[in-house]
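Commentary on secondary and tertiary structure
Next come the chains, spelled out residue by residue.
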Amino acid sequence: MFHFQPDPVPPLLSRLWLVGCGAMGGALLSRWLESGLPGEGVTVIDPAPRGLPEPFAGRVVANAAEAGDAPSLVVLGIKPQMLGAIGPGVAAVAGAAPVLSMMAGVRIAALQALFAGPVLRMMPNTPAQIGQGVTALFSERADPVARAGVEWLANAAGSLLWLEEEAQFDAVTALSGSGPAYLFRFIEALASAAEAVGLPAAMARQLALDTVTGSAALAAQSDLSPAALREQVTSPNGTTAAGLQQLDGDGLLTSLMRATVRAATERSRQMAEAAEAVPPKTGVAL
Ligand SMILES: NC(=O)C1=CN([C@@H]2O[C@H](COP(=O)(O)OP(=O)(O)OC[C@H]3O[C@@H](n4cnc5c(N)ncnc54)[C@H](O)[C@@H]3O)[C@@H](O)[C@H]2O)C=CC1
Ligand SMILES: O=C(O)[C@@H]1CCC=N1
């Protein structure tokens, strides 16, 4: 019988601090533990860790000053707007440990101004909860040991890719970081449209959900492109053609998606500029 054998846990992860264990940090931590990361080596630093997995064998403290032994890796799962208040206290006790940030719109330069260790960035997404996330990674200074360590973390959450340049994060965040919300919104809208033409709510929801999951799985497994798969569904002058005429009429879907991704990309850039405008208050343990 075949048994899934996860890669051995790299030493970089032996004393991992997770600063901020909310929706995204908690989802990732759950996957890491399920993939074999020993909980005893993990310290969660968060005064209200809503995403903490149950049970959790590690330590939970309210701030970095209580975290004890120096970390081997610091993972930042706080909101970007919290960095100015929380970052300096973490930096004061993190030593030269590598720092892995999942924060949207906070550039390496802003983090490197605070932390002595090499900074890596990641952009995960919430399907990580079920091991089907996709994570984008980037670093300029990290050595192969740090890179291998964060690859283990990203692999536990799903698939991964390394970005060629940091500037790609704004668009990547707009696509795969925020993307699950667009898809959930699409499922809601599809179900509500089916209700509007007469289906009971529960049936509309089930059909919308199964249609989206089945189609995504087919697109992922098929050798055909999404365009070719779409053509397989579309009979000349049939129902699909009538529906697609509405979606694509006047380039409606294309312009809607462009506006959506452009707005999220712009917001990521604005957040980066805001993070860089806050002067770091180094050396203050919170
Ligand atoms: N939610 C998502 O889908 C994604 C989020 N991200 C990034 O992940 C980060 C976290 O986002 P969410 O998990 O959605 O936010 P969240 O609000 O669920 O989690 C933030 C956590 O920070 C904690 N926190 C507050 N004050 C703190 C302090 N003084 N010290 C330590 N922790 C403190 C909160 O208690 C909370 O558990 C953000 O930077 C976001 O940009 C990245 C990709 C996807
Ligand atoms: O909305 C946000 O800012 C975060 C980043 C990507 C997903 N959630």
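For every chain, the first residue of its written sequence is number 1, and the numbers climb from 1 along that sequence. Numbering of ligands from 1 and lettering of chains from A proceed in the order in which they are written. Reporting of local features is limited, given that this is a predicted model, to residues whose pLDDT is at least 70; pairs of side-chain atoms are given and counted only at 80 or more, and all residues count toward the totals for whole chains, interfaces and linings. Values shown for side chains rest on all heavy atoms present in the structure; no hydrogens or waters enter the calculation.

Taken together, Ala104, Thr173, Gly177 and Ser178 make up the full set of residues near ligand 2. For ligand 2, whose accessible area on its own is 250 Å², the fraction buried by protein is 48%. Gly counts as polar in this scheme, as do all residues outside two lists: the nonpolar Ala, Val, Leu, Ile, Met, Phe, Trp, Tyr, Cys and Pro, and the charged Asp, Glu, Lys and Arg. In terms of residue class, the shell around ligand 2 is built from 1 nonpolar, 3 polar and no charged. Neighbouring residues are identified by heavy atoms, a residue being near a molecule or strand if any of them is within 4 Å of it. Residue burial considers only the protein chains on display, and all accessible areas are found by Shrake-Rupley using a 1.4 Å probe.

To qualify as a helix, a DSSP run of H or I must reach at least 4 residues; to qualify as a strand, a run of E must reach at least 2; elements of each kind are numbered from the N terminus. Along the chain, glycine 58 falls in the loop between strand S2 (42–45) and strand S3 (59–61). Only heavy atoms matter for contacts: two residues are in contact if any of them lie within 4.5 Å across the pair. With near-sequence residues (within four places) excluded, glycine 58 lies in contact with Gly39, Glu40 and Val42.

Note on geometry: axes are lines fitted to C-alpha atoms, helical ones only across the stretch in contact, with angles between N-to-C directions running from 0 to 180 degrees. At a minimum axis separation of 8 Å, helix H6 (residues 179–196) and helix H7 (residues 201–221) run at an interaxial angle of 135°. Classified by the angle between their axes, H6 and H7 sit oblique to one another. For the pair H6 and H7, the sense of crossing is right-handed. Within the contact between the two elements, H6 uses Phe186, Ile187, Leu190, Ala191, Ala194 and Glu195 and H7 uses Ala201, Ala204, Arg205, Ala208, Leu209 and Val212. Of the residues belonging to the contact of H6 with H7, the class tally is 10 nonpolar, no polar and 2 charged. Note on angle classes: values under 35 degrees are labelled roughly parallel, values over 145 roughly antiparallel, values of 65 to 115 roughly perpendicular, and the remainder oblique. The crossing is said to be left-handed when, going from far helix to near helix, the turn is anticlockwise and less than a right angle, and right-handed when the turn is clockwise.

We now examine the packing of aromatic side chains. Two aromatic rings, drawn from Phe, Tyr or Trp (for Trp, its six-membered ring), form a pair once their centres lie within 6.5 Å of each other, and the interplanar angle then sorts them: stacked below 30 degrees, edge-to-face above 60, tilted otherwise. In this structure the tally under the stated criterion is 0 aromatic pairs. Here, over-ring charges are defined by two tests on the NZ atom of lysine or the CZ atom of arginine: distance to the ring centre within 6 Å, and angle to the ring normal within 35 degrees. Here the guanidinium or amino end of arginine 147 rests over the ring plane of tryptophan 162, the centre of that ring lying 4.7 Å away.

Below, the discussion takes up the pattern of salt bridges. Should the charged atoms of two oppositely charged side chains come close, the side chains can pair. Whenever a carboxyl oxygen of Asp or Glu lies within 4 Å of a side-chain nitrogen of Lys or Arg, that contact is scored as a salt bridge. Under the defined criterion, the tally for this structure stands at 6 salt bridges. The partner of arginine 121 in a salt bridge is glutamate 166, with the nearest N and O atoms 2.9 Å apart. With arginine 121 in strand S6 (residues 119–123) and glutamate 166 in the loop between strand S8 (158–162) and helix H5 (168–177), this residue pair connects regions lying 45 residues apart in the sequence. By relative accessible area, glutamate 166 is classed as buried at 16%. When salt bridges that share partners are traced, they join Asp170, Glu266 and Arg269 into one network. Note on classification: 1.4 Å probe, protein chains only; a residue is buried when its accessible area is under 20% of the maximum for its type, exposed when over 50%, partly exposed between these limits.

What counts as a domain boundary in this text is fixed by an automatic or database domain assignment. Domain assignment breaks the chain into domain 1 (11–165) and domain 2 (179–269). Put simply, the middle of domain 1 and the middle of domain 2, counted by C-alpha atoms, are 34 Å apart. Tallying the contact residues gives 6 residues for domain 1 and 5 residues for domain 2. Buried area: the sum, over both parts, of the accessible surface (1.4 Å probe) that disappears when the two are put together. Overall, the association of domain 1 and domain 2 removes approximately 300 Å² of surface from exposure, summing both partners, and the carbon and sulfur fraction of that is 50%. It is Gly105, Arg107 and Thr126 that lose the most area in domain 1 upon contact with domain 2, and together they represent 61% of the buried surface on that side. At the junction of domain 1 with domain 2, the criterion picks out 0 salt bridges. For this analysis, a polar contact is any N or O atom pair within 3.5 Å, provided that within protein one partner can donate a hydrogen and the other can accept it, and provided that sequence-adjacent residues contribute only side-chain to side-chain pairs. Remark: the boundary between domain 1 and domain 2 carries 0 residue pairs in polar contact (both at pLDDT 80 or more).

So, about the UniProt feature "domain: Pyrroline-5-carboxylate reductase catalytic N-terminal" (unreviewed entry) in the chain. UniProt positions are given in the numbering used here, feature names are shortened, and annotations may be inferred rather than shown by experiment. Taking the UniProt record as the reference, the feature "domain: Pyrroline-5-carboxylate reductase catalytic N-terminal" (unreviewed entry) is found at residues 18–104. End C-alpha atoms of residues 18–104 are separated by 16 Å, and the span's content is 28% helix alongside 18% strand.

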